[in-house]
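# Coordinate analysis (summary)
So the chains spell out like this:
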Number of protein chains: 4
Amino acid sequence: MSVIPNVLAERYASSAMKSIWSAEGRIVLEREFWIAVMKAQKDLGLDIPDGVIEAYEQVKDQVNMDSINARERITRHDVKARIEEFCDLAGCEHIHKGMTSRDLTENVEQLQVWRSMQIIRDKAVAVLVRMSTRAGQWKDVPLAARTHNVAAQTTTVGKRIAMFGEEIVHALSSWISTMDRYAVRGLKGAVGTQLDQLSLFQQDKVRVIELENRVCAHLGIPSKLMNVGQVYPRSLDFSVVSGLVELTSGCSSFAKTLRLMAGHELATEGFAKGQTGSSAMPHKMNARSCERVNGFHIILKGLLTMIGGLAGDQWNEGDVSCSVVRRVVLPDSFFAADGLFETFLTVLDQMGIYEPVVEAELRRYLPFLMTTTILMEAVKRGVGRETAHEVIKEHAVAVSNDLRKGSITSNDLLDRLGADSRLGMTRAELQEIFDHNSRATGMAASQVDYFRDSVEALVAEYPAGASYKPGAIL
Amino acid sequence: MSVIPNVLAERYASSAMKSIWSAEGRIVLEREFWIAVMKAQKDLGLDIPDGVIEAYEQVKDQVNMDSINARERITRHDVKARIEEFCDLAGCEHIHKGMTSRDLTENVEQLQVWRSMQIIRDKAVAVLVRMSTRAGQWKDVPLAARTHNVAAQTTTVGKRIAMFGEEIVHALSSWISTMDRYAVRGLKGAVGTQLDQLSLFQQDKVRVIELENRVCAHLGIPSKLMNVGQVYPRSLDFSVVSGLVELTSGCSSFAKTLRLMAGHELATEGFAKGQTGSSAMPHKMNARSCERVNGFHIILKGLLTMIGGLAGDQWNEGDVSCSVVRRVVLPDSFFAADGLFETFLTVLDQMGIYEPVVEAELRRYLPFLMTTTILMEAVKRGVGRETAHEVIKEHAVAVSNDLRKGSITSNDLLDRLGADSRLGMTRAELQEIFDHNSRATGMAASQVDYFRDSVEALVAEYPAGASYKPGAIL
Amino acid sequence: MSVIPNVLAERYASSAMKSIWSAEGRIVLEREFWIAVMKAQKDLGLDIPDGVIEAYEQVKDQVNMDSINARERITRHDVKARIEEFCDLAGCEHIHKGMTSRDLTENVEQLQVWRSMQIIRDKAVAVLVRMSTRAGQWKDVPLAARTHNVAAQTTTVGKRIAMFGEEIVHALSSWISTMDRYAVRGLKGAVGTQLDQLSLFQQDKVRVIELENRVCAHLGIPSKLMNVGQVYPRSLDFSVVSGLVELTSGCSSFAKTLRLMAGHELATEGFAKGQTGSSAMPHKMNARSCERVNGFHIILKGLLTMIGGLAGDQWNEGDVSCSVVRRVVLPDSFFAADGLFETFLTVLDQMGIYEPVVEAELRRYLPFLMTTTILMEAVKRGVGRETAHEVIKEHAVAVSNDLRKGSITSNDLLDRLGADSRLGMTRAELQEIFDHNSRATGMAASQVDYFRDSVEALVAEYPAGASYKPGAIL
Amino acid sequence: MSVIPNVLAERYASSAMKSIWSAEGRIVLEREFWIAVMKAQKDLGLDIPDGVIEAYEQVKDQVNMDSINARERITRHDVKARIEEFCDLAGCEHIHKGMTSRDLTENVEQLQVWRSMQIIRDKAVAVLVRMSTRAGQWKDVPLAARTHNVAAQTTTVGKRIAMFGEEIVHALSSWISTMDRYAVRGLKGAVGTQLDQLSLFQQDKVRVIELENRVCAHLGIPSKLMNVGQVYPRSLDFSVVSGLVELTSGCSSFAKTLRLMAGHELATEGFAKGQTGSSAMPHKMNARSCERVNGFHIILKGLLTMIGGLAGDQWNEGDVSCSVVRRVVLPDSFFAADGLFETFLTVLDQMGIYEPVVEAELRRYLPFLMTTTILMEAVKRGVGRETAHEVIKEHAVAVSNDLRKGSITSNDLLDRLGADSRLGMTRAELQEIFDHNSRATGMAASQVDYFRDSVEALVAEYPAGASYKPGAIL
């Protein structure tokens, strides 16, 4: 029987994300951590001969899982097996000094989280770049905005995209702030009192603290916890996963809206010049990728419940009822978020708007949406308010019913109003009002500009994210 | 980079469970399903030559994933690739007649669920067998029952186990009832109207229904849905996962209680004759497996949130925003539950009670627990109720404070009461009351018997479960 | 400042449900429980004078919360205050014999749950009665079934309703089975050993068990737990709330589908003869009640997470970290479910289908949906399969693009195919195929009948539910 | 039947929090909002006569719910009723100009959230002040730190408190950052395009934006959204509720640890000079309030699932399937968090440590915890490492078993080692090692100081929070 794969990793996640959480990737991160500790220890006076660190650095990417696993079968201790393997490769024994297993594993898991957070941040920037482009592209395409899923007033396609985009901008700012605060456990020993590090440095507290500071600086994690037990507080894990849910909410709502639009040919998630839908059913523009985005969001919310089961339930200096939970939640959260972003980036790259369908829908509803305006114009021309209201309502209801009954197929409210002498407006006059106002979209265009400016600022700060291109998706 | 494994499957689940959800296992289940359909079709008059079904049956376990994957790269269609592989192996082309892909995949996923449910049911029976044995073993060992985590009254170790056991009995009855109701989607076509089956059988509705009935009977799934769309309602998946949460709740509560007991040497989750704890810290009896049981339960509750995100959110005849979610939830729920049971069975097999510590704790608290009894006895002997109450309270508070202050190490309340002439009872008399009542555990023993009888009834019905032995755990 | 109300109770729940969970309602349930205990105690030989039970029964509905609260301010004990009030009203002191507070409160809370479960069951039956009627009413109205929110094949409106209906039938069977298994804690004393009841009956175990059996029989709760601690297992609460989620999932999916339909005028949730939508925007048929149904379902899933936080986390013989959680979850779950059913029943009573719009949509898509059929017919007439496929695809793509570009407004695929000599079929022949198959809905009608029969069986069993009428909703 | 109260509000929340979410409180917030809009409108040139704003301000706290409700019964529109009431009280009609209902309700709900966030922030500061005091008070009291709920190494009581405290400091920093980013929807009209505001200001975009800026500045909400639809993104609500879960996780873990400690008399949650526990069972120190803190945390996690059901599920420019959910989640989240803080503050004020019991426990375990140290000392004195290890292990296992068997009641490992000539150390020498190291707690004290400094910095910034005193709890 072959290995049962992690489906989120193997079907959906990018190889960059997988490499962080793979067995091999973790080994490399551990080795980088050990090297960082050694460097700091040497700088602070511990006797580590010249050349040793270089020896380790040279072999740190030589990962042979078979060899490590074979060692583990002998030592019966996973960390020990990894120490031995790395030392044998390097030809010396200077890693892991004054460290307990948790000093390695907690920090490396945080490093995995930290590296993953960077990837996610960059992909969110990449999403925003595309949303900005799309919002600009369709900035002036009027669209029947919907509330309660029913046409309500005019907006633009670009504004609709900017709306979801700004939600993501806001959540990204939250995500970046979580990153800025992200704090590593450091080298704290078995119950958090740094007893072993103190022994190693002959009770010199200053150097013990300096050691940690250097290790953290080396790793790039911005902050450090001082008061911990065996483990760091799991509310940190919680804040990361809840941040992922927050960050992907705008994507999910937009994907859901695209599914609604695709069901009525207003838009498609996949649209290339000359491309058609399914050959069997050419009209079918299934929003499968958008459905998948929604699926990933549901997965993330379930993972949040899991990690929420740990936060606030830690006993004393630490229990490991969290162990199996974190083995699932931490990688899966990042795989799911990564898969979501890969999918959503592809949607943004390939989506299309069927402007004629959008326009037809708008025209169909517009007369209804503008009854208030027509009423005001009629009053201006001297018709009594109540009379005008009565006339308009009478015809609007009739048109609506005729449309539903199928006796007419397009909205002829203006014809009927123009033909009714009580209102005192010609068909041409009504058309003029209509034409003038059917393009009225308030501050939609300025709002889109505002969104695009905020994305530009992000691009300046995170250029790597801005230029990211997703891989091929299933 | 090696494949990232599903950690729940590869670290914790049994091979029986893994084989159901493995790529190979699924292939076999699909083939069994196709064969069942063919058999029924043949019986109902479809032209399937003699020997064909046998030809398929002979090769159904020859699964070559590489060959299937190679075909998929050519056909770009997973189900098609599997059809071709199976047909080539069998040397004929008679499977999948009148079926759409969903007719295969929905039913096979339900088959995977169904087979997994049977495994889980049997392991729950295996758990109960052990809990019955343990409850019997310690049926008469008095124990300070705790409410609010504080000693309250006397119960027995056996009764405590029976308490969690009966919770599991109740949940198992719920699980079995869910199994009895479990209903398969059947062969319903693209949107659920059975259009294609009807064509195949020339509009003969009776045979179309009979075909489904036979397929279901063959598979052993007890019930069948009539009105479905493209997919079966995801509230069925929800009921399965919520059933797993319910079924494992008693295990989780017991595991948590064992962790509490182990922290104060009342019990251990791992205890064999001559065995000691950690060689470094011989007193350490970490309840790691019990922590893991609690972790699995948290995972299941997160998976429930995921699947709950699908139930009640199905659009029209079906959307596939559920697809990626079910790829995660269905196997992971069963892997987690299976891992939980494997772990918990091991705990039940290896756990131990330190009776002297249990007894010492009880003795320490007993005088407090019996103040009401002593009060009643004093009143019987003619002491005024208020006087007796005052005297007892005075001494009890003093003893409690002295214990907390450390000025005494054992509870000497009886000595103090015996020495106080206001109460009119000798030390010996008090001891007699004490001795008589310290063994009073109400109907605990009968309750344990009741529990054991209910387990015996389950054993009679599910003997395979009763004799199940867990594999080695990490 | 006025009291902050429970919004679920005061805005949405029925008065029957509120009365169970109101302060006054609970008092009455407690008194009924005390009376049931007394009756059983008297029958089993306890000295309770004649007339006493009648005296209590006569006053049990005289609930004066002010008086009870005043007593509590003096006694500082809620249960004591209630005992005194009831006894003073009845003029005697015979309740609560041999009972601890939990013997009262656990059982009464279960009684509240039990009574609420009956209400919910009956409302689910009421829902099904209406769905059966609606499914029958529109059994033969063809509808473009949608998968991926895109038109796929023909079904009927009635079948769509039966599909969601059968999901509810299945969940209701699960709910009824949960009710059948629902087990009450009984009179078990402080830690579950029945010590106090045994004292009261002079160690006569038989009568102690008989007492409980009679109390349970009197209350109507079908089953009884034997091995409990201070409290009953919270996995029972979990199974009730998860049952509510399951039971309402079909309602929620249907409500969501109605929202989708209403957004395109296929249906409305509120529709009475002569009725129009909003006077301001006459075309607006907001599915506000359906949105609310979806909201309630989300609330229930959150409450499930809460109650899931208790199951599997019970320490020893019971801790009360569950207390505040259950104060929220138990009533709120039933208020939310009750509000959902009241709302959904109203939707079912008032909903309407705009058949012409349904028909127009179907006609618009039908030519696409039937390309496979046309292909087969062409092949029958001697056209090469590949030629036919090429021709059909060419025109279908063109029609689809023209529709999206807005250059045509209705689907003219048949015209184009009829005009293409390569296919060898006249427009009239194509129309015949079209007309014949546009009504083909497979076994939809039989399936609807099956659903209606299963509802009829439920009506026979639960006539009270069948005749229930919802109150007015906001 | 009396009104069914919101149990979280009426039993647990402070009156400050209740007043924000009460019907009356909301009326006042709405009026303050209207006034803020008017002020800005006047400043920007809208014709609002002098004295008008003052007239409204003078009556804004005169809330008569009966009068408002009576108006609503006539107007059938809640916002209209409130407008009329306020205008009649003020004697003029200048509020709500150019606003839609959502312009009022969305912003006022955000104001409720914002005010509640401030209260919560201040209470978190108040919690930290007390934790700092407690950590300082017990900074040097050695304690057997526990991992896996089993004694592992020495820490101090103060450090244990600082550990949970720093978790809260970290989460508070996250909370404050969420507050800093909190963005209000502003005056955006029916679908977010500001059409109506633009009309009011004759298409002057600059003043429309300035109006919003002033309204936001007036209200004190730091940020503003530009691209919204009918409503603001519900991921904002999500971030608030997840922030509450994060902020209270440290409280919940500490409460859980206190429950563990209380169960073995190491600590009590309620402890005043001369105070005793329950009069009936004087030894009982139930951690009821800590249990309640844990219960509140579970409630918050359920509410997070609810609000998570909205985020990522918003259709188009807004649907109101969120309405009923937010009516529950927003107030209940703040009531639960507020009740949690009120309870936890009380625990921190009243808790006590039984130092002799703490010391006794430590002494009991210490010899085990120090076997590694003794081993190293023996080796220094020339004993072979393997010999020493063998001797120590032999005796440690024996002591551990004797303790569990009850044949000894205190740990006599040093006696046995001192009596074993193989180790070459006298009892006195061992005692000296023991005494020296039994006080070794690494950097625990410095860590506590670090924590206390960070709290001091918060106090300087939030003095109001620092001086907050909780109300009386149930």
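No experiment lies behind these values; they were computed from the predicted model shown.

### Looking at the overall build of chain A
- When you go through chain A residue by residue, the secondary structure sums to 20 helices and six strands.
- Taking 2.2 N^0.38 as the reference for a compact globule, 474 residues should give roughly 23 Å; the C-alpha atoms of chain A span a radius of gyration of 30 Å, well beyond that estimate.
- Dimensions of chain A, computed from the C-alpha atoms along their principal axes, are close to 100 × 50 × 40 Å.
- Taken across its 474 residues, chain A has 66% of its residues classed as buried.
- Put simply, of all contacts in chain A between residues at least 6 apart along the chain, 79% involve residues at least 24 apart.
- When the accessible area of chain A is evaluated, it comes to approximately 15,700 Å², of which 50% is carbon and sulfur surface.
- Of the side-chain charges in chain A, 54 are positive and 59 negative, and the distance between the mean point of each set is 3 Å.

### Examining the relation of the copies chain A and chain C
- Turning chain A through 180° and shifting it by 0.0 Å along the axis lays it on chain C, with an RMSD of 0.1 Å. The transformation relating the two chain copies, once decomposed into turn and shift, fits a two-fold axis.

### Considerations on the interface of chain D and chain A
- Chain D puts 81 residues into the contact, and the matching count from chain A is 81 residues.
- Between chain D and chain A lies a buried interface of about 6,700 Å² when both sides are counted; carbon and sulfur atoms form 54% of it.
- Summed over the three residues of chain D that lose the most area to chain A, namely D:Asn227, D:Asn316 and D:Met443, the buried surface amounts to 12% of that side.
- Viewed at the interface, chain A and chain D are joined by four salt bridges.
- As a salt-bridge pair, A:Arg160 and D:Glu317 come within 2.8 Å of each other at their nearest N and O atoms.
- Here chain D is connected to chain A by 51 residue pairs in polar contact (both at pLDDT 80 or more).
- Of all the secondary structure elements, the ones that give two or more residues to the side of chain D that touches chain A are β1 (142-147), β2 (150-156), α8 (157-181), α9 (195-200), α10 (205-219), α11 (235-262), α12 (288-308) and α19 (444-461) of chain D.
- Looking at the side of chain D that touches chain A residue by residue, the classes come out as 30 nonpolar, 36 polar and 15 charged.

### Describing the interface of chain A and chain C
- Across the boundary between the two partners, chain A contributes 43 residues, which contact 43 residues of chain C.
- Taken together, the connections running from chain A to chain C amount to two salt bridges.
- For C:Arg364, the salt bridge is made with A:Glu265, and the minimal N-O distance between the two is 3.3 Å.
- Those elements that place two or more of their residues in the side of chain A that touches chain C are β1 (142-147), β2 (150-156), α11 (235-262), α12 (288-308), α14 (355-369) and α16 (385-405) of chain A.

### Concerning unusual backbone geometry
- You will see that A:Asn316, though not glycine, has its phi angle at about 50°, which is positive.
- As for its placement among the helices and strands, A:Asn316 is situated in the loop between α12 and α13 (323-350).
- Since its relative accessible area comes to 3%, A:Asn316 is described here as buried.
- Located in the positive-phi region is D:Asn149, a residue other than glycine, with phi close to 65°.
- Residue placement: D:Asn149 occurs in the loop between β1 and β2.
- The exposure class of D:Asn149 is buried, given its relative accessible area of 4%.

### Looking at the relation of the copies chain D and chain A
- Least-squares fitting of chain D to chain A yields an RMSD of 0.1 Å, with the superposition described by an axial translation of 0.0 Å and a rotation of 180°.
- A share of 100% of interface residues in chain D that are also interface residues in chain A marks the association as one of identical surfaces.

### Structural notes on helix α19 (residues 444-461) of chain B
All names here are of chain B.
- Its 18 residues give α19 an end-to-end C-alpha distance of 26 Å, which sits within 8% of 26 Å, the value for a rise of 1.5 Å per residue.
- Those residues of α19 that sit buried are Ala444, Gln447, Val448, Phe451, Val455 and Leu458. Burial along α19 is one-sided: seen end-on, the buried residues are contained in an arc of 100°. Projecting away from the buried face of α19 at angles above 90 degrees are the exposed residues Asp453, Glu456 and Ala460.
- Here the buried face of α19 lies against α7 (101-137), β2 (150-156) and α8 (157-181).

### Some details on the confidence of the model for chain A
- The predicted model of chain A has a mean per-residue pLDDT of 92, with 97% of residues at 70 or higher.
- Interface predicted TM-score (ipTM) for the complex: 0.94; the corresponding pTM is 0.96.

### Remarks on the side chain of A:Gln197
- The residue A:Gln197 is located in helix α9 (residues 195-200) in this model.
- With near-sequence residues (within four places) excluded, A:Gln197 lies in contact with A:Gln41, A:Lys97, A:Gly98, A:Met99, A:Leu187, A:Val208 and A:Leu211.

### Quick look at the pairing of β1(D)
Residues and elements named next belong to chain D.
- Counting buried residues along β1, six of its six residues qualify, which places the element largely inside the surrounding structure.
- Side-chain alternation along β1 places Pro142, Ala144 and Arg146 on one buried face and Leu143, Ala145 and Thr147 on a second face that is also buried.
- Where β1 meets β2, six bridges bridge the pair, whose relative direction is antiparallel. Among the inter-strand pairings, Thr147 is bridged to a residue of β2, identified as Val150.
- Joining the antiparallel neighbours β1 and β2 is a turn of two residues, in which His148 adopts a positive phi near 55°.

### Concerning the side chain of D:Lys301
- Assignment of secondary structure puts D:Lys301 in helix α12.
- For the buried D:Lys301, no salt bridge is present, and the opposite-charge side chain at shortest range is A:Asp313, 6.7 Å distant.
- A distance of 2.7 Å separates the side chain of D:Lys301 from the backbone oxygen of A:Gly308, its partner in a polar contact.
- Among the polar contacts listed, one links the side chain of D:Lys301 to the backbone oxygen of A:Ala311, at a separation of 3.2 Å.
- With sequence-adjacent residues up to four places away left out, D:Lys301 is seen in contact with A:Gly308, A:Gly309, A:Ala311, C:Thr305 and D:Val245.

### Some points on helix α4 (residues 52-59) of chain C
Residues and elements named next belong to chain C.
- When α4 is considered as a whole, its buried residues turn out to be Val52, Ile53, Ala55, Tyr56 and Val59. All buried residues of α4 project into a common sector of 160° when viewed along the axis, lining one side.
- Buried residues belonging to α4 abut α3 (23-43) and α6 (78-90).

### Re the packing of helix α7 (residues 101-137) of chain A against α11(A)
All names here are of chain A.
- Where α7 meets α11, the axes come as close as 12 Å, and the angle between the chain directions of the two elements is 20°. In terms of their interaxial angle, α7 and α11 are classed as roughly parallel. The handedness of the crossing between α7 and α11 comes out as left-handed. Residues Gln110, Val113, Met117, Ile120, Ala124 and Met131 of α7 lie in contact with α11, whose contacting residues are Leu236, Val240, Leu244, Leu247 and Phe254.

### Re the packing of aromatic side chains
- The full count for this structure, using the stated rule, is 30 aromatic pairs over all chains.
- Here C:Phe164 and C:Phe254 contribute two aromatic rings whose centre-to-centre distance is 5.4 Å and whose plane-to-plane angle is 20°, an arrangement assigned as stacked. A residue pair is termed long-range when its members are at least 10 positions apart, and C:Phe164 in helix α8 (residues 157-181) and C:Phe254 in helix α11 (residues 235-262) qualify at 90 residues. C:Phe254 shares its class with C:Phe164; the two are buried.
- Centroid distance D:Trp114 to D:Tyr182: 6.2 Å. Interplanar angle 10°. Geometry classified as stacked. Here the residue D:Trp114 occupies a position in helix α7 (residues 101-137), and D:Tyr182 occupies one in the loop between α8 and β3 (183-184), the gap between them amounting to 68 residues. Comparing D:Trp114 with D:Tyr182 shows no difference in burial state: the two are buried.
- The rings of A:Trp34, A:Tyr56 and A:Phe86 are connected pair by pair, giving a single aromatic cluster.
- Stacked on the ring of D:Tyr365, the Lys or Arg D:Arg364 has its end atom at 5.9 Å from the ring centre.

### As for the environment of D:Lys159
- Tracing the backbone shows D:Lys159 in helix α8.
- Here D:Lys159 falls in the buried class, since its relative accessible area comes to 1%.
- Excluding residues within four positions of it along the chain, D:Lys159 makes contact with A:Val191, A:Gly192, A:Thr193, A:Asn227, A:Val228, D:Ala444, D:Gln447 and D:Val448.

### Quick look at the packing of α8(C) against helix α19 (residues 444-461) of chain C
Residues and elements named next belong to chain C.
- The N-to-C vectors of α8 and α19 enclose an angle of 35°; their axes lie 9 Å apart at closest approach. When the axes of α8 and α19 are compared, the crossing they make is left-handed. The residues of α19 that touch α8, namely those facing Gly158, Lys159, Ala162, Gly165, Glu166, Val169, Leu172 and Ile176, are Ala444, Gln447, Val448, Tyr450, Phe451, Ser454, Val455 and Leu458.
- Within the contact of α8 with α19, the residues separate by chemical class into ten nonpolar, four polar and two charged.

Cut-off values and rules
- Residues numbered from 1 in each chain as written.
- Chains lettered and ligands numbered in written order.
- Predicted model: local features only at pLDDT ≥ 70, side-chain atom pairs only at ≥ 80, totals over all residues.
- Heavy atoms only, no water.
- Helix = DSSP H or I, 4+ residues; strand = E, 2+ residues; numbered from the N terminus.
- Rg over C-alpha atoms; globule rule 2.2 N^0.38 Å.
- Buried < 20%, exposed > 50% of the residue type's maximum accessible area, 1.4 Å probe, protein only.
- Contact = heavy atoms within 4.5 Å.
- Areas by Shrake-Rupley, 256 points an atom, 1.4 Å probe, with all protein chains shown as cover.
- Lys, Arg positive; Asp, Glu negative; His and termini not counted.
- Charge placed at Lys NZ, Arg CZ, Asp CG, Glu CD.
- Least-squares fit on C-alpha atoms with pLDDT ≥ 70 in both.
- Buried area = accessible area lost by both parts, 1.4 Å probe.
- Salt bridge = Lys/Arg side-chain N within 4 Å of Asp/Glu carboxyl O.
- Polar contact = N/O pair within 3.5 Å; in protein donor to acceptor, adjacent residues only side chain to side chain.
- Nonpolar A, V, L, I, M, F, W, Y, C, P; charged D, E, K, R; others polar.
- Expected span 1.5 Å × (residues − 1).
- Arc of directions from axis to C-beta.
- pLDDT = per-residue confidence, 0-100.
- Pairing = 2+ DSSP bridges.
- Axes fitted to C-alpha atoms, helices over the stretch in contact; angles between N-to-C directions.
- Parallel < 35°, antiparallel > 145°, perpendicular 65-115°, else oblique.
- Left-handed = near helix turned anticlockwise from the far one by under 90°.
- Phe/Tyr/Trp six-rings, centres within 6.5 Å; stacked < 30°, edge-to-face > 60°.
- Lys NZ or Arg CZ within 6 Å of the ring centre and 35° of its normal.

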